[in-house]
2 protein chains.
Amino acid sequence: MYAIEKDAHAWYNLEKYRGKVWLKAMEEQKDLRFCFNHMMREMIGPQGIAEREIEAMADEIGRAARSMDVRRGEMAWRDLPYSQGEAVKEIQSVADRARERFDAFVLLGIGGSALGPLAVHTALEPARYNEIEASRRGGPRVYIEDNIDPERMKALLDAIDIRRTLFYAVSKSGATSETMAQTMIVIQLLREVFPEGIGERVVIATGAEKGNLNAIAKREGCKTFVIPEGVGGRFSELSPVGLLPAAVAGIDVRALLNGAARMDARCSEPDVWKNPAYLGAVLQVLYMKKGRNISVMMPYVDALKYFADWYAQLWAESLGKRCDRDGRTVFCGQTPVKALGVTDQHSQLQLYTEGPDDKVVTFIGAEEYRANVYIPNAYPDITGISFLGGHTLKDLIHAEQFSTEYALCKAGRPSQTVWLPEVSADSIGQLIAYYEVQTAFAGELLNIDAFDQPGVEEGKDATYAMLGKPGYEEKKAELDARRPRQPRYIL
Amino acid sequence: MYAIEKDAHAWYNLEKYRGKVWLKAMEEQKDLRFCFNHMMREMIGPQGIAEREIEAMADEIGRAARSMDVRRGEMAWRDLPYSQGEAVKEIQSVADRARERFDAFVLLGIGGSALGPLAVHTALEPARYNEIEASRRGGPRVYIEDNIDPERMKALLDAIDIRRTLFYAVSKSGATSETMAQTMIVIQLLREVFPEGIGERVVIATGAEKGNLNAIAKREGCKTFVIPEGVGGRFSELSPVGLLPAAVAGIDVRALLNGAARMDARCSEPDVWKNPAYLGAVLQVLYMKKGRNISVMMPYVDALKYFADWYAQLWAESLGKRCDRDGRTVFCGQTPVKALGVTDQHSQLQLYTEGPDDKVVTFIGAEEYRANVYIPNAYPDITGISFLGGHTLKDLIHAEQFSTEYALCKAGRPSQTVWLPEVSADSIGQLIAYYEVQTAFAGELLNIDAFDQPGVEEGKDATYAMLGKPGYEEKKAELDARRPRQPRYIL
């Protein structure tokens, strides 16, 4: 068999497109590098941001940086990389038992309880993890069930043997209808197979006190992990919410936390020119204020596809707010769009370069991939394709990433790039901490509360009313009194 | 085991939220229903569209409708549901052979060559199709490989046995670097295992004449399907591009085409009030002109998650244009955002209801699901969750869909709903035809060419230059002369 892993001599030296200065720096350590060049006016022209616009914000930036310090006590999620020595031991012990005893691990959760676990799992485990034979996998198959579509629930129950499955029910409030419905279905099934008790087959993560999940845990004798106060759903990946599923799949959770701790320290620096999360937030907020209401995240790494989903919740739910902290109506926010390089070059790039100039694009690149695939020159005499032969897929994907950045730059449109030395537990930990601090800092710059979500109550209450939850009779009357749909608008 | 499929007595009659008038109509046939009520001013208030705004566009609508007729000859994709009797027989025969002889079917393609096949496969096959045992599946595992990440390529080669795999290389031009690189890798591997010839292990779909894939097909003796003139990548799902992968997985491609044909006929009606694609396009274009630059597609059906990806390419690449047909700079377009109900209620709804009022949301609902899962009342004495017991997951997902629509409506924000009687080959065929006609008609209303993609050339050329394709020396010199990155913007 020809060696797909053989390293090819690259015909063209791609290094120069990366910029030698910082490449060298990256070789010395495993820290992420953030390239903001294509956000700036001198690189992309008049639509770009001038350095003096950042200087002009010095007071606001200083105020926001001080506010980050003052509020640090409220932001318990920032302590997670440092504070969980004991929790990690417990998590590892539950995970070790799961890896020995169970064939499948099913997380029941939605939103912040699922997007982080999914992002980390897909980043750090091989593609098609559940299809790999058990011996190579070394642990149970992992299912992250973040929807209540009955077809999907049935497909899950078809795919697993519940006698050999560990369930992990995650909801901070314990009141999430979707998760509670899933949990009741699963518990009822387990009870019928194990009338002697199901406590060892369900692990729970929920808030410290009260709530339906604590009541269930007590009754069934389930192991429970606490989601601490000050750690909201979308900021909970580095708590037991995300660490247990990671550990069950064999991911090094200490490396994840170490990476996060290093980035958290980097992002505690008050000088905006030394703090990538602050500079990133300042540029993004400046662009928001200039009317760019769309933030595209486009990793050129298949394994980071779902990282963009995690980011999409973090950015959307934290900054999408009707009112600022002073109660003024501001309709703040920026819509995250998930894209994947190079795939979406063939789907979205036409719009990004020629459509409305309303976006900021963030590329995520990997300096090295965890596999090396060489393109053989299978048809040396077909000149339309023979130039590809001799390169590696890494050459090709890097060339495409630079080309997309270049095409946007030529169109005068902003982009930035986050470079990972490689996708690893350490670099993913860094990436998570970076975006959490960036989001919180953007909230401070915008003077909004980045940690609540008042806008979802209306929909929750309407669901409760329709399904007959006691106490929602008034909402039900409101729904019944709605203006009827007009038949002429139904085709 | 308790009967998860038992139909529960719904405590609350959800039917009234659907609107009785059109429910009745839907019972009589299997046609899709389009509810535009929440696009209109009388339902959502001043941000909505008034009927007279549509009436005021009568001339433009008439002109666009006539243009659709005049240009019908150029839009060969509209003929696909009617014209492929012979092709379907051939496709079915290749598919039957694949189902007997191969364990895996791998599509190599990107953009329009992959998004349609992926959308149809995930809509019509069970979740986790590749994990199901072969006997229940009845055909080969299916892989749709639309990226060149080396990690993913290696994971594919680890997962399949190439001796028992049929490859399907799809590129209309035959010049797509990504697909050609994948194809060369695969062909080189096959050659080493089958020195006697690989023609039976690779099927090709490409344009009628010339191109690298035709050269390869001739040399290797591969079966080739033609992607007809006038059928661009993003409009090619109902051509052999999409039909072969569907048939290989056992999907009824005739039912898919029949659904499309019925919808195409419905969408040929010149009266905008009788043509859902025209009315949908008019409303969307009106909202675009009022500054709504984001179009969210949010199916409340897990299986339609990737349908939103297909739509995202269609809408983005067709309408995202710098110039109109008269050469005026217009920066036309609207950014598609993919969301999934109910999952993204816990991620994006906060932004949608409280953030900038810049979106049109399209829900896709399923009247019936292909599985029925009952929620048992596992804890009758825990009142915070016992109200869920006795409902089905369908009740819950429908209640959430209506609640989200209601929350948007209360915030004065527009939405529309496409109702499928059920996800089936027929309804998916309808859905594809609906969006294709809607997109083409929007192009006519906006006076832009919805069928080209001039904006992707810059990036393609830069990639060619970096990888040393002959003829791109000038572009290479241009790249070499770029302004260097500034180290102070790299953190």
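Residues numbered from 1 in each chain as written. Chains lettered and ligands numbered in written order. Predicted model: local features only at pLDDT ≥ 70, side-chain atom pairs only at ≥ 80, totals over all residues.

Peer 1: Can you walk me through the overall build of chain A in this structure?
Peer 2: Along its length, chain A carries 22 helices and 12 strands. For chain A, whose C-alpha radius of gyration is 24 Å, the value lies close to the compact-globule estimate of 23 Å for 491 residues. A principal-axis box enclosing the C-alpha atoms of chain A has dimensions of 65 × 65 × 60 Å. With 491 residues in all, chain A has 59% of them scored as buried. (Helix = DSSP H or I, 4+ residues; strand = E, 2+ residues; numbered from the N terminus. Rg over C-alpha atoms; globule rule 2.2 N^0.38 Å. Buried ≥ 20, exposed ≤ 12 C-beta atoms within 10 Å, placed from the backbone.)

Peer 1: Whenever I open this one, the sheet that holds strand β1 (residues 33–35) of chain A confuses me. Can you help?
Peer 2: The pairing of strands in a sheet happens through backbone hydrogen bonds and is either parallel or antiparallel. Residues and elements named next belong to chain A. Spatially, the five strands line up as an open sheet ordered β1-β12-β11-β7-β10, and their pairing is mixed. Each edge of the sheet is formed by a strand with only one pairing partner; in this case those strands are β1 and β10 (335–338). For this sheet the average axis-to-axis angle between neighbouring strands, irrespective of direction, equals 20°. Pairing analysis gives three bridges linking β1 to strand β12 (residues 415–420), with the strands arranged antiparallel. Bridged to Arg-33 within β12 is Trp-419. This element, helix α16 (residues 305–319), spans β7 (294–299) and β10 of the sheet and lies at about 175° to β10. (Pairing = 2+ DSSP bridges. Axes fitted to C-alpha atoms, helices over the stretch in contact; angles between N-to-C directions. Contact = placed C-beta atoms within 7 Å.)

Peer 1: Sorry, what's going on with the sheet that holds strand β12 (residues 415–420) of chain B here?
Peer 2: Residues and elements named next belong to chain B. If you walk across this open sheet you meet the five strands as β1-β12-β11-β7-β10, and the pairing is mixed. Two strands close off the open sheet at either side, each with one partner strand: β1 (33–35) and β10 (335–338). The average angle at which neighbouring strand axes cross in this sheet is 20°, direction not considered. Sitting on the sheet, helix α16 (residues 305–319) is in contact with β7 (294–299) and β10, with an inclination near 175° to β10.

Peer 1: What's the story with the interface of chain A and chain B in this structure? I'm lost.
Peer 2: How large an interface is tends to be reported as the accessible area lost when its parts come together. In this complex, chain A contributes 135 residues to the contact, which on the side of chain B involves 135 residues. Counting residues per element, the side of chain A that touches chain B draws most heavily on helix α19 (residues 393–410) of chain A, at 13 residues. In terms of residue class, the side of chain A that touches chain B is made up of 74 nonpolar, 35 polar and 26 charged. (Nonpolar A, V, L, I, M, F, W, Y, C, P; charged D, E, K, R; others polar.)

Peer 1: For this particular structure, what's the right way to read the domain arrangement of chain A?
Peer 2: All names here are of chain A. For chain A, the domain assignment lists domain 1 (15–70 + 257–446) and domain 2 (76–251). At nine residues, α16 tops the list of elements feeding residues into the side of domain 1 that touches domain 2. Partitioned by chemical class, the residues of the side of domain 1 that touches domain 2 number 14 nonpolar, two polar and six charged. (Domains from an automatic or database assignment.)

Peer 1: Where do I start with the pairing of strand β3 (residues 141–145) of chain A in this structure?
Peer 2: On a regular strand, each side chain points to the face opposite its neighbour's, so the side chains alternate between the two faces of the sheet. Residues and elements named next belong to chain A. Within β3, five of the five residues are buried, which leaves it mostly tucked inside the rest of the structure. A two-sided burial pattern is seen for β3, the buried positions comprising Arg-141, Tyr-143 and Glu-145 on one face and Val-142 and Ile-144 on the other. As judged from the five bridges shared by strand β2 (residues 104–108) and β3, these two strands associate in the parallel manner. Paired with Leu-107 across the bridge in β3 is Ile-144.

Peer 1: How should the packing of helix α7 (residues 85–101) of chain A against helix α13 (residues 240–248) of chain A be read in this particular structure?
Peer 2: When two helices pack together, their arrangement is given by the angle between their axes and by how far apart the axes lie. Residues and elements named next belong to chain A. At a minimum axis separation of 8 Å, α7 and α13 run at an interaxial angle of 40°. On the basis of their axis angle, the class for α7 and α13 is oblique. Classified by chirality, the crossing of α13 by α7 is right-handed. On the side of α7, the interface is formed by Ala-87, Val-88, Ile-91, Gln-92, Val-94, Ala-95, Ala-98 and Arg-99, while α13 contributes Pro-240, Leu-243, Leu-244, Ala-247 and Val-248. Partitioning the contact of α7 with α13 into residue classes produces 11 nonpolar, one polar and one charged. (Parallel < 35°, antiparallel > 145°, perpendicular 65-115°, else oblique. Left-handed = near helix turned anticlockwise from the far one by under 90°.)

Peer 1: For this particular structure, what's the right way to read the packing of helix α14 (residues 253–266) of chain A against helix α20 (residues 425–446) of chain A?
Peer 2: All names here are of chain A. The N-to-C vectors of α14 and α20 enclose an angle of 45°; their axes lie 6 Å apart at closest approach. The angle between the axes of α14 and α20 places the two elements in the oblique class. In the packing of α14 onto α20, the handedness of the crossing is right-handed. Each of Ala-255, Leu-256, Leu-257, Asn-258, Gly-259, Ala-260, Arg-262, Met-263 and Asp-264 in α14 lies in contact with α20, whose residues at this interface are Ala-425, Asp-426, Ser-427, Ile-428, Gly-429, Gln-430, Ile-432, Ala-433, Tyr-434 and Val-437. Residue composition of the contact of α14 with α20, grouped by class: 11 nonpolar, five polar and three charged.

Peer 1: I tried to follow the relation of the copies chain A and chain B on my own but got confused; where do I start?
Peer 2: Note that the two copies of the chain are related through a rotation about an axis and a translation along the same axis. At an RMSD of 0.0 Å, chain A and chain B line up after a rotation of 180° and a shift of 0.0 Å along the axis. The transformation just described matches what one would write down for a two-fold rotation axis. In this assembly the copies share their binding face: 100% of the residues contributing to the interface of chain A also contribute to that of chain B. (Least-squares fit on C-alpha atoms with pLDDT ≥ 70 in both.)

Peer 1: When you look at helix α12 (residues 212–220) of chain A in this model, what are you seeing that I'm missing?
Peer 2: Residues that lie three or four places apart on an α-helix share one face, since the helix turns once every 3.6 residues. Looking only at α12 of chain A, the buried set comprises Asn-212, Leu-213, Ile-216 and Ala-217 of chain A. Looking straight down α12 of chain A, one finds its buried side chains confined to an arc of 135°; they lie on one side. Buried residues belonging to α12 of chain A abut β4 (165–170), α11 (177–193), β5 (202–206) and β6 (223–226) of chain A together with α18 (383–386) of chain B. (Arc of directions from axis to C-beta.)

Peer 1: Where do I start with unusual backbone geometry in this structure?
Peer 2: Keep in mind that most residues, glycine aside, have a negative phi and that most peptide bonds are trans. All names here are of chain A. Each neighbour pair has its own omega, and for Gly-341 with Val-342 the value is -5°, a cis peptide bond. Relative to the helices and strands, Val-342 is located in the loop between β10 and α17 (349–354). Look at Lys-210: it is not a glycine, yet its phi comes out positive at around 55°. The topology assignment puts Lys-210 in the loop between β5 and α12. On the basis of neighbour counts, which here come to 12 C-beta atoms within 10 Å, the residue Lys-210 falls in the exposed class. Unlike most non-glycine residues, Asn-447 shows phi in positive territory, near 55°. Looking at where Asn-447 falls in the secondary structure, it is placed in the loop between α20 and α21 (457–467). Residue Asn-447 is classed as partly exposed on the basis of its 17 C-beta neighbours within 10 Å.

Peer 1: Would you explain α19 of chain A in this entry?
Peer 2: Residues and elements named next belong to chain A. Between the first and last C-alpha of α19 there are 25 Å, a value that for 18 residues agrees with the 26 Å anticipated at 1.5 Å per step. Of all 18 residues that make up α19, 17 are buried, and the element is covered over most of its length. After α19 finishes, the residue Gly-412 shows a positive phi value of roughly 75°. (Expected span 1.5 Å × (residues − 1).)

Peer 1: Looking at this structure, how should I read the confidence of the model for chain A?
Peer 2: Close inspection of predicted coordinates is inappropriate for parts of the model with low pLDDT. All names here are of chain A. Looking at chain A as a whole, the pLDDT averages 93, with 94% of positions reaching at least 70. Of the regions scoring below 50 in pLDDT, residues 1–27 engages in 50 contacts with residues more than four places distant in sequence or in other chains. Quick note on the complex model: pTM equals 0.95, ipTM equals 0.94. (pLDDT = per-residue confidence, 0-100.)

Peer 1: Explanation requested: the nonpolar core in the structure shown.
Peer 2: Side chains that are nonpolar tend, in soluble globular proteins, to be buried together. The biggest cluster of nonpolar side chains holds 332 residues, and the ones touching the most others in it are Tyr-168 and Phe-441 of chain A together with Tyr-168 and Phe-441 of chain B. Apart from the residues within four sequence positions on either side, Phe-441 of chain B is in contact with Ala-64, Met-68, Ala-277, Tyr-278 and Ala-281 of chain B. (Core = buried A, V, L, I, M, F, W, Y, C linked by C-beta atoms within 7 Å.)

Peer 1: Help me out: how do you make sense of the environment of Gly-471 of chain B in this one?
Peer 2: Looking at the secondary structure, you find Gly-471 of chain B in the loop between α21 (457–467) and α22 (473–480). Here the alpha-carbon distance between Gly-471 of chain B and Thr-122 of chain B, two residues 349 residues apart in the chain, equals 41 Å.

Peer 1: Looking at this structure, how should I read the pairing of strand β9 (residues 329–332) of chain A?
Peer 2: Residue and element names in this part refer to chain A. Where strand β8 (residues 321–323) meets β9, two bridges bridge the pair, whose relative direction is antiparallel. The residue of β9 that forms the bridge with Lys-321 is Cys-332. Between β8 and β9, which pair antiparallel and follow one another directly, the connecting turn spans five residues, one of which, Gly-327, has a positive phi of 85°.

Peer 1: Hey, could you run me through the environment of Ser-93 of chain A in this one?
Peer 2: Relative to the elements of secondary structure, Ser-93 of chain A occurs in helix α7. Each C-alpha atom of the pair Ser-93 of chain A and Leu-244 of chain A lies 9.7 Å from the other, and the pair is 151 residues apart in sequence.

Peer 1: Would you take a moment to explain the environment of Ile-44 of chain A for this structure?
Peer 2: All names here are of chain A. Counting through the fold element by element, Ile-44 comes out in helix α3 (residues 41–44). Of the residues examined, Ile-44 has 20 C-beta atoms within 10 Å and is grouped as buried. Linking Ile-44 and Ser-415, residues 371 residues apart in sequence, is a C-alpha distance of 9.3 Å. Sequence-distant contacts of Ile-44, that is, excluding residues within four places in its chain, are made with His-38, Cys-409, Gly-412, Arg-413 and Pro-414.

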